[in-house]
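So the chains spell out like this:
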Amino acid sequence: MPAWASAVPWQVGNSVTIGLSNNINSDPANKWNDIGGYGGLFTVTDTTSGVSIQTFCLELDEYVYLNTTYYVADVDDDIAMGGGRNTDAGDQLSGATKWLYSQFLQTPANYNAAAVQLAVWVLEDEYADKTNFSWSYWGSTGTQALSYYNLALANAGSAPGNILALDLVDAQGRRVQSYLIAAPVPEPATMLLLGTGLLGLAGLRRRLTVTV
């Protein structure tokens, strides 16, 4: 484990492995094979903390090896490799993608995972030439993906703030892929303790000011 790794999930330096989700393999309607065999649904496991999450990749032309160890480089709103195919300039994760993924996490069984993956790629400009992009090319999966795409655009303004891009690097520090994750949200009790601590610091500052 790198010296900077943390037992808290999705921290910079933590080790991560990628696997195919059992859900997509067990349900023929959700198999990715009907649109190429190169997308989610994936299971990303933070092996440092033991936490796993079902997710989708954000880059169309970046690849990983399953069950290989990678490392967390960044966890934020920026996708390391950027929008569009074969680009290296980072871009911001769209609110539409955040909303769609948050809905999937609430009721994954209600979603066609292959269609979600396709919608995410289009939302993130991985199909740069949208003028010639055809949803119908992907058959029934494309029809479902278009529905997700439109719903996501309509609800982009209500996207939760804890949906972020998990940027991974290999052992040599080379960028390999970015995935959607839901960052842990502090529990109310934790936030209360934090607020109490800040109030205490404010009181201490006032006392110090008076003393001086």
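What you see is a predicted model; the values in this text were computed from it and never measured.

Reading guide: rules and limits
Residues numbered from 1 in each chain as written. Predicted model: local features only at pLDDT ≥ 70, side-chain atom pairs only at ≥ 80, totals over all residues. Heavy atoms only, no water. Helix = DSSP H or I, 4+ residues; strand = E, 2+ residues; numbered from the N terminus. Buried < 20%, exposed > 50% of the residue type's maximum accessible area, 1.4 Å probe, protein only. Contact = heavy atoms within 4.5 Å. Areas by Shrake-Rupley, 256 points an atom, 1.4 Å probe, with all protein chains shown as cover. Expected span 1.5 Å × (residues − 1). Arc of directions from axis to C-beta. Phe/Tyr/Trp six-rings, centres within 6.5 Å; stacked < 30°, edge-to-face > 60°. pLDDT = per-residue confidence, 0-100.

Caption draft 1: Representation of the overall build of the protein chain in the model. Looking only at helices and strands, one finds five helices and eight strands in the protein chain. For the protein chain, buried positions account for 43% of its 212 residues. Long-range pairs, those at least 24 residues apart, make up 68% of the contacts in the protein chain between residues at least 6 apart in sequence. By element, 55% of the accessible surface of the protein chain is carried by carbon and sulfur atoms, the whole surface being about 11,200 Å².

Caption draft 2: Seen up close, helix H4 (residues 139-154). With 16 residues, H4 should cover 22 Å at 1.5 Å per step; its first-to-last C-alpha distance of 23 Å lies within 8% of that length. Buried residues of H4: Thr141, Gly142, Ala145, Tyr148, Tyr149 and Ala152, and no others. One side of H4 holds all its buried residues, which, seen down the axis, span an arc of 120°. Within H4, the exposed residues directed more than 90 degrees away from the buried face are Ser140, Thr143 and Ala154. Elements that come into contact with the buried residues of H4 comprise helix H2 (95-106) and helix H3 (113-123).

Caption draft 3: Region of interest: the packing of aromatic side chains. Considering all chains together, one arrives at nine aromatic pairs under this definition. Between Tyr101 and Phe104 the ring centres are 6.4 Å apart and the planes differ by 15°, which places this aromatic pair in the stacked class. Taken together, the positions of Tyr101 and Phe104, both in helix H2 and three residues apart, correspond to about one turn of that helix. The class for Tyr101 is buried, based on a relative accessible area of 1%. On the numbers, 6.1 Å between centres and 70° between planes, the contact of Phe104 with Tyr111 is edge-to-face.

Caption draft 4: Main features of the confidence of the model for the protein chain. Overall, the predicted model of the protein chain reaches an average pLDDT of 77, with 69% of residues at or above 70. Put simply, helix H5 (residues 188-211) is where the protein chain has its lowest mean pLDDT, 44, and H2 is where it has its highest, 97. Note on residues 189-194: pLDDT under 50 across the span, and one contact to partners over four residues away in sequence or across chains.

Caption draft 5: Just H3, in detail. In terms of residue burial, H3 counts as a mostly covered element, since eleven of its eleven residues are buried. One or two residues past the end of H3 sits Asp125, with phi positive at roughly 65°.

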